[in-house]
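Examination of the molecular architecture
Residues per chain, in single letters:
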Amino acid sequence: MQHTCYRIALSVGMLATFAALGHAGDQDRPNIVVILCDDLGYADVGFNGAKDITTPQLDQLAAAGTIFTSAYVTHPFCGPSRMGLMSGRYPHSFGAPFNLPNSGQGFEDYNRQGIDPNETLISTVLQDAGYYTGAIGKWHMGYEHPFHPNQRGFDEFYGFLGGGHQYFPDRYRPIYERQIRAGKTTINDYIAPLEHNGKTVDETEYITDGLSREAVRFVQSAGDRDQPFFLYLAYNAPHSPLEAKVEDLARFAGIKDKKRQTYAAMVYAVDRGVGQLVQTLKNSGQFDDTLIVFLSDNGGKIGLGANNGPLREGKGSTHEGGYRVPMFFHWPGKVPAGDRYHHPVSALDFYPTFARLAKAEIPATKTLNGKDIWDDLLAGRSARQGEMIFALRHRSGYSDVGARRDAWKICRTAQTPWKLFHLDDDLGETHDLSAAYPEKVAAMVAEAERWSRDHTTPRWFDDEEAEQRWLETGMPNYNATFEVK
Amino acid sequence: MQHTCYRIALSVGMLATFAALGHAGDQDRPNIVVILCDDLGYADVGFNGAKDITTPQLDQLAAAGTIFTSAYVTHPFCGPSRMGLMSGRYPHSFGAPFNLPNSGQGFEDYNRQGIDPNETLISTVLQDAGYYTGAIGKWHMGYEHPFHPNQRGFDEFYGFLGGGHQYFPDRYRPIYERQIRAGKTTINDYIAPLEHNGKTVDETEYITDGLSREAVRFVQSAGDRDQPFFLYLAYNAPHSPLEAKVEDLARFAGIKDKKRQTYAAMVYAVDRGVGQLVQTLKNSGQFDDTLIVFLSDNGGKIGLGANNGPLREGKGSTHEGGYRVPMFFHWPGKVPAGDRYHHPVSALDFYPTFARLAKAEIPATKTLNGKDIWDDLLAGRSARQGEMIFALRHRSGYSDVGARRDAWKICRTAQTPWKLFHLDDDLGETHDLSAAYPEKVAAMVAEAERWSRDHTTPRWFDDEEAEQRWLETGMPNYNATFEVK
Amino acid sequence: MQHTCYRIALSVGMLATFAALGHAGDQDRPNIVVILCDDLGYADVGFNGAKDITTPQLDQLAAAGTIFTSAYVTHPFCGPSRMGLMSGRYPHSFGAPFNLPNSGQGFEDYNRQGIDPNETLISTVLQDAGYYTGAIGKWHMGYEHPFHPNQRGFDEFYGFLGGGHQYFPDRYRPIYERQIRAGKTTINDYIAPLEHNGKTVDETEYITDGLSREAVRFVQSAGDRDQPFFLYLAYNAPHSPLEAKVEDLARFAGIKDKKRQTYAAMVYAVDRGVGQLVQTLKNSGQFDDTLIVFLSDNGGKIGLGANNGPLREGKGSTHEGGYRVPMFFHWPGKVPAGDRYHHPVSALDFYPTFARLAKAEIPATKTLNGKDIWDDLLAGRSARQGEMIFALRHRSGYSDVGARRDAWKICRTAQTPWKLFHLDDDLGETHDLSAAYPEKVAAMVAEAERWSRDHTTPRWFDDEEAEQRWLETGMPNYNATFEVK
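Chain A carries the name Arylsulfatase in an unreviewed UniProt entry, which gives Stieleria neptunia as its organism. In its Sequence similarities (unreviewed entry) section, the UniProt entry covering chain A states "Belongs to the sulfatase family."

This is the structure in structure tokens:
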């Protein structure tokens, strides 16, 4: 980690600059807290119907806020989804449709990559507008300069840079130390030490608890400042490895499936942390001035304990289970309480919506694919009548696509013909109506094809073979993808 | 490209040496132009029956020359096929039965490999005999000293060293530049700059047009010399990526399949270039003194727009579609005009045939697998009555083989039993006659096995796993391959 | 091989120390010779029923000793099996459940790994007890310090460090030399030169003969010493590549299947070497004082000429064919002659049994999974009544398991449900009795699960992807593996 010093220097410099600007906190600009879970299934929180998994803290917030039943992320995989959320653009447009490989997977060249430096993230916009900003947890948008969170709008970063992590320090630290002793040159992210602003730290708690502790600390220290704050709290739970604390497992002893039991205990640990965070906000009198957004980065992973409820398939799919996620907004007296908002929204919308609430200026050159949904949310009307929300996943030699417009969705997977679903009548995507509405299919596919035209060559790939294939043939089977037969 | 300077120095040195030798051109030694297409299907030129793809320039040459209906290359893949053509030997005999991996595929060790330095290529033979020699387009026989074309008998080289390339400089250059800026250490060949005699150039034209332009330039400059010339014009078209100019696409608007449309436009761009080359030869009065050979390096790739007509399968196969290629010879007043030659010939035959026409001396130690077919061509009789032509492709753990003797062919693919076909009666290889002629099968398989005995350990492999498997077990399933059950 | 000097220095140092200790040989402590074959099938020696393969020397020893019909190794693959034998522990317990990748397979980090330095091997125990120790043949337990045999209890090492080797020096040396000339940085173990105590040697004989020659030399030089000796003679035969001497092939001309013929000739070459070794022992009067143990490291590889007889499947399987091996003990007047011992024993038992015979001290901190079987062997009774012998192989995302207790065995492969077999009645594992004895299955699976609890994260993996998967999810599908449905 040769870049450590650089990062610290920069971070200190940013803080200094910031203090000089002397932004004052103001009551009409809310603090913003985004709580992001990792691979959390649509139906794996109480507020979305989970019975075996209990999430009392989340449920209480959800009940006092608005639950979004049709919230989408920008990609059915972690990395691209996060980049879409932070940039306000579909990741395909700036070369990020693949997960950034983890260190230790043998793609060293790619490890020098990260989210396009030309993309100004919402964190920078809020930071520039006087927010005190913190990212806690999983980053997965790049390792080195200029991709590190401290260089992308975050005054504080505590967590890990890769795509996941083991949960018990006393289990992973010995493996890490043995590999270091053995002279291994690339250490897998899952076992590397956590860091704080580029400096390695010796985390000793179960990771979820450690991240909650840091979130509490951030909120406390932010409370001492004369600024609103933006906290991006990205738990890696309940992403694999499935590792839970004994006491949390005991709480779910009634769940016979061991994976589900562990998964439940991991989600519960998040819920406990959310409770601590809420209590801290209340204690410091900031709760009423804070917009809390909770969501998952993509669907739950089938076979690893998750449950996406009525939605078809899960993580990785362009069916609903892949990229429609559990989500709520909570802000006392501002966000409607006890409501469910059924119109489609996207994580793309956070950027312009947050910027508006923060009275922040978005750079004139910034391209955004989402929209400020605030007024529509308050009015309970759709923010994108007649407009499409997309998902596109490249696979080995072909691509899966999902595209929704109002109640209709077209979907193509595994090189089978395009299907058409009416989501209001058929949330589970079981009745293909394409034969009955060929013109609708053709029109929607044509729109998806138009959408895809600004997609660029990925900046990194799953592997070298994928890169070779892409450079040789372009987007996997582009023509075939948007062909209607 | 640290070897750039070295190459230039050497190249200049060679030219100097050459001038000192003072070879004079003579009227009875023809100029020789080999126009090689990449992955062009058997039926994808007008002279072989294409209706949707128009190739007026090629058709005109073909009609004024002799079309070979049974022309074979030495391997159903690009790299080995080219090495067979240039060396006059089956590539399996000098360790080249696999494609040389492209840069950026992660096999850096293999990138230091290339066609066996002990093999004297036909280019060197012709160069030594006083020909001015040029290679334009795709090389794919090695990157560094001593594999670079300027070190293998070519006074001039313009093109790229890898196995393929993107076609539009304004599309691939930004990707290349971004990767360079990002510090990527291995750049994929498909997006790297072209070169001229080892020196990077800034090509700006659609690649096919750029190569045609350079071929015209070479012929013009050769015309000023008192030497005959040898031009190896190796278009990468219509190899993937499928990228064509808008105006060429427009010409094939009637083709509904987008891949086929693009493919057709790419072939047409080659035809346009051939027209320019022919016009240049005519303008400079060299046309009548020039033998033009046109062919493909292997069968067209199924699923990428190609059509191998009546032949079974395509690129990569040891059925006819994999390695029987469209071909013609043209030389006014010398090569029979308007003829079709149906006897089997091989790209292996170029070496001795060209050498004879060029009155060039073949090194006494040179092993050749082909034969001088000139007299037989003029006489319209078979050059290899009772002799075999082979194809052998190693796959993961087994090998596919094709071997033709006169009208009979044995073929083994995918570890199924040997099949026997009578090509005169069954060009499409649909009727397996092995049960009716078991002794013929046994005799032909035995001959193929004898042929394979001088095959050596490959100098490079598809991947490290293939190398390990080979070093551990020898030629994939050698015994099983030549077993007749 | 920068470590060469270091190794030599160390080796010399050890010898010096040893001489200083002045251990004297004593008549009641036997010499111990372990002859290990590589991938030799259960039924591929005369003493286990082979008719087409003749092994007269082995048969004679077996007939004069005790044949073990239920001898198990610790893993169905070479590397882990050897590490289990040498350490006396299941390899899963110290991070070695995978084969150590060969050099040249692209896992350079792993090449710096090897058998856990904290494991004191039986060779060290015997060396410390005054034995003169030698390892000849295949090592496969690590390349560099501190994994080299000279650093793991062997006064002498002659052979190769990787997982296999080609057999004919005049075939592999030219490939090696060509790669060196070409600047290849990683040379595949199969073609690298052999070494003697860390110093490259120029072996010229067919490898099996070369190893036999060195074994004879070791025994002769050991005979001059006033110490008992321990010889670990690890032939790589009949592991692939299938390469045999012409004269040995001729002896098996009657075998029509070429693989089987070659395999037979390779086994015969081992038998010849064993004969030479026995003759040397007799000539020097050491034969009666020598315990000879013969076995295979795992089952024969299906499709490469091996025959595991009545056992189901072969190398790599957790059915009996994968890890039950041909074995005998021979020690005139000590080991019962002409006997067959049918109770289950394990290569794990060598360590404590040898130590007892050698009156050697096992470090107090050493964990052993096997037991001293000497008394039980002499008494003809089971050494582990009611105790389990395990096999566990991790695959891509799941694990295969076999566990035997007395006559019963549970087995799970390819993610199918657990099966139960009664080996006394059903040696071929064809009749699954799990439905009839669900409680027995549950109890045995529970015991296997308990056994697996001390398994640690592997120190190396098959490939980087396997590492990532493991670090992310732990032992492939741990819960599912030990689930009884």
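**Remarks on the pattern of salt bridges**
All names here are of chain C. Under the counting rule described, the total for this entry stands at 100 salt bridges over all chains. The salt bridge involving Arg171 is made with Glu243; its shortest N-O contact spans 3.9 Å. Placement of the pair is Arg171 in helix α6 (residues 169-181) and Glu243 in the loop between β7 (229-234) and α8 (246-251), with a sequence separation of 72 residues. Given a relative accessible area of 11%, Glu243 falls into the buried group. Of the charged contacts in the structure, one is a salt bridge between Arg324 and Glu320, with a shortest N-O distance of 2.7 Å.

**Quick word on the domain arrangement of chain A**
Residues and elements named next belong to chain A. The domain boundaries assigned to chain A delineate domain 1 (4-379) and domain 2 (388-481). On the domain 2 side, the residues contacting the 38 residues of domain 1 number 36 residues. With both chains or domains summed, domain 1 and domain 2 bury close to 3200 Å², and 56% of this area falls on carbon and sulfur atoms. Where domain 1 packs against domain 2, one counts three salt bridges. The shortest N-O distance in the salt bridge between Asp454 and Arg89 comes to 3.9 Å. Applying the counting criterion to the domain 1 and domain 2 interface returns 19 residue pairs in polar contact (both at pLDDT 80 or more). Elements supplying a minimum of two residues to the side of domain 1 that touches domain 2: β2 (66-72), α10 (320-323) and β11 (345-346). Residues belonging to the side of domain 1 that touches domain 2 are distributed by class as follows: 20 nonpolar, 13 polar and five charged.

**Observations regarding the interface of chain B and chain A**
Of the residues lining the interface, 20 residues belong to chain B; the matching set on chain A comes to 15 residues. Between chain B and chain A the total buried area reaches about 1700 Å² when both faces are included, carbon and sulfur atoms providing 41% of it. Put simply, chain B and chain A have zero salt bridges between them. Linking chain B with chain A are six residue pairs in polar contact (both at pLDDT 80 or more). Listing elements by their share of the side of chain B that touches chain A, those giving two or more residues are α6 (169-181) and α9 (258-283) of chain B. When residues of the side of chain B that touches chain A are assigned to their parent elements, the largest contribution, three residues, is made by α6 of chain B. The class makeup of the residues in the side of chain B that touches chain A is five nonpolar, eleven polar and four charged.

**Overview of the packing of helix α2 (residues 56-63) of chain A against helix α9 (residues 258-283) of chain A**
Residue and element names in this part refer to chain A. Relative to each other, α2 and α9 sit at 55 degrees, their axes nearing to 7 Å. Overall, the two elements α2 and α9 adopt an arrangement that is oblique. For the pair α2 and α9, the contacting residues are Pro56, Gln57, Leu58 and Leu61 in the first and Tyr268, Asp271, Val274, Gly275 and Val278 in the second. Taken together, the residues that form the contact of α2 with α9 break down as six nonpolar, two polar and one charged.

**Examining the sheet that holds strand β15 (residues 419-422) of chain C**
Residues and elements named next belong to chain C. Overall, antiparallel pairing links the four strands, which are arranged β12-β13-β14-β15 in an open sheet. In the strand order of this sheet, the two ends are held by β12 (388-394) and β15, each with one partner. Neighbour to neighbour, the strand axes of the sheet diverge by 15 degrees on average, direction disregarded. Sheet analysis places strand β13 (residues 399-405) next to strand β14 (residues 408-412), joined by five bridges and oriented antiparallel. Within β14, the position partnered with Val401 by the bridge is Arg412. Along the sheet face, helix α13 (residues 438-452) touches β12, β13, β14 and β15 and points at about 70 degrees away from the line of β12.

**Focus: helix α13 (residues 438-452) of chain A**
Residues and elements named next belong to chain A. With 15 residues, α13 extends 21 Å between its outermost C-alpha atoms, agreeing within 8% with the 21 Å of an ideal straight helix rising 1.5 Å per residue. Among the residues making up α13, those that are buried are Val441, Met444, Val445, Ala448, Glu449, Trp451 and Ser452. On an axial view of α13, the arc spanned by its buried residues comes to 155 degrees, and they lie on one face. Buried positions along α13 lie against β12 (388-394), β13 (399-405), β14 (408-412), β15 (419-422) and α15 (478-481).

**Some words on the sheet that holds strand β13 (residues 399-405) of chain B**
All names here are of chain B. With respect to topology, four strands assemble into an open sheet ordered β12-β13-β14-β15, the strand pairing being antiparallel. The strands lining the two open edges of the sheet, one partner per strand, are β12 (388-394) and β15 (419-422). Shown here is a sheet whose adjacent strand axes are inclined to one another by a mean of 15 degrees, direction ignored. Pairing geometry for strand β14 (residues 408-412) and β15, over four bridges, is antiparallel. Paired with Ile410 across the bridge in β15 is Leu420. The sheet contacts of helix α13 (residues 438-452) involve β12, β13, β14 and β15, and relative to β12 the element is tilted by about 70 degrees.

**A few points about the relation of the copies chain A and chain C**
Turning chain A through 120 degrees and shifting it by 0.0 Å along the axis lays it on chain C, with an RMSD of 0.0 Å. Taken together, the rotation and translation relating the two chain copies correspond to the operation of a three-fold axis.

**Quick look at the packing of aromatic side chains**
In the structure shown here, the tally under the stated rule is 80 aromatic pairs over all chains. When the ring of Tyr72 of chain C is compared with that of Tyr323 of chain C, the centres are 5.2 Å apart and the planes differ by 45 degrees; the resulting orientation is tilted. Pair noted here: Tyr72 of chain C is in strand β2 (residues 66-72) and Tyr323 of chain C is in helix α10 (residues 320-323), with a separation of 251 residues, a long-range link. For the pair shown, Tyr72 of chain C and Tyr323 of chain C are each scored as buried. On the basis of an interplanar angle of 25 degrees and a centroid distance of 6.3 Å, the ring pair of Trp418 of chain C and Phe482 of chain C is categorised as stacked. One end of the pair, Trp418 of chain C, is in the loop between β14 and β15; the other, Phe482 of chain C, is in the segment after α15 (478-481), and 64 residues separate them in sequence. Each member of the aromatic cluster is reached from another via a ring pair, and the members are Phe68, Trp139, Phe154, Phe157, Phe230, Tyr232, Phe329, Tyr341, Phe350 and Phe354 of chain A. Stacked on the ring of Phe287 of chain A, the Lys or Arg Lys282 of chain A has its end atom at 5.0 Å from the ring centre.

**Some remarks on unusual backbone geometry**
Cis geometry marks the peptide bond from Ala237 of chain A to Pro238 of chain A, where omega comes out at -5 degrees. Examined against the element boundaries, Pro238 of chain A turns out to sit in the loop between β7 (229-234) and α8 (246-251). Within the chain, Gln415 of chain B stands out as a residue other than glycine whose phi angle is a positive 65 degrees. Examined against the element boundaries, Gln415 of chain B turns out to sit in the loop between β14 and β15. Residue Gln415 of chain B is classed as partly exposed on the basis of its relative accessible area of 45%. The backbone of Glu429 of chain B shows a phi angle near 50 degrees, a positive value even though the residue is not glycine. Its place among the elements puts Glu429 of chain B in the loop between β15 and α13.

**A look at the side chain of Ser317 of chain C**
Residues and elements named next belong to chain C. Mapping Ser317 onto the fold places it in the loop between β8 (290-296) and α10. At a separation of 2.6 Å, a polar atom in the side chain of Ser317 contacts the side chain of Glu313. Of the polar contacts made by the side chain of Ser317, one reaches the backbone nitrogen of His319; its length is 2.8 Å. Every residue in contact with Ser317, bar those within four places of it in the chain, is listed here: Pro76, Gly322 and Tyr323.

**Focus: the interface of chain A and chain C**
Between chain A and chain C, the residue contacts involve 20 residues of the former and 15 residues of the latter. One salt bridge in this structure joins Glu467 of chain C and Lys184 of chain A, with 3.5 Å as the shortest N-O distance. Counting the contacts that link chain A with chain C gives six residue pairs in polar contact (both at pLDDT 80 or more). Those elements giving two or more residues to the side of chain A that touches chain C turn out to be α6 (169-181) and α9 of chain A.

Reading the values: the criteria
- Residues numbered from 1 in each chain as written.
- Chains lettered and ligands numbered in written order.
- Predicted model: local features only at pLDDT ≥ 70, side-chain atom pairs only at ≥ 80, totals over all residues.
- Heavy atoms only, no water.
- UniProt positions renumbered as here; feature names shortened; annotations may be inferred.
- Salt bridge = Lys/Arg side-chain N within 4 Å of Asp/Glu carboxyl O.
- Helix = DSSP H or I, 4+ residues; strand = E, 2+ residues; numbered from the N terminus.
- Buried < 20%, exposed > 50% of the residue type's maximum accessible area, 1.4 Å probe, protein only.
- Domains from an automatic or database assignment.
- Contact = heavy atoms within 4.5 Å.
- Buried area = accessible area lost by both parts, 1.4 Å probe.
- Polar contact = N/O pair within 3.5 Å; in protein donor to acceptor, adjacent residues only side chain to side chain.
- Nonpolar A, V, L, I, M, F, W, Y, C, P; charged D, E, K, R; others polar.
- Axes fitted to C-alpha atoms, helices over the stretch in contact; angles between N-to-C directions.
- Parallel < 35°, antiparallel > 145°, perpendicular 65-115°, else oblique.
- Pairing = 2+ DSSP bridges.
- Expected span 1.5 Å × (residues − 1).
- Arc of directions from axis to C-beta.
- Least-squares fit on C-alpha atoms with pLDDT ≥ 70 in both.
- Phe/Tyr/Trp six-rings, centres within 6.5 Å; stacked < 30°, edge-to-face > 60°.
- Lys NZ or Arg CZ within 6 Å of the ring centre and 35° of its normal.

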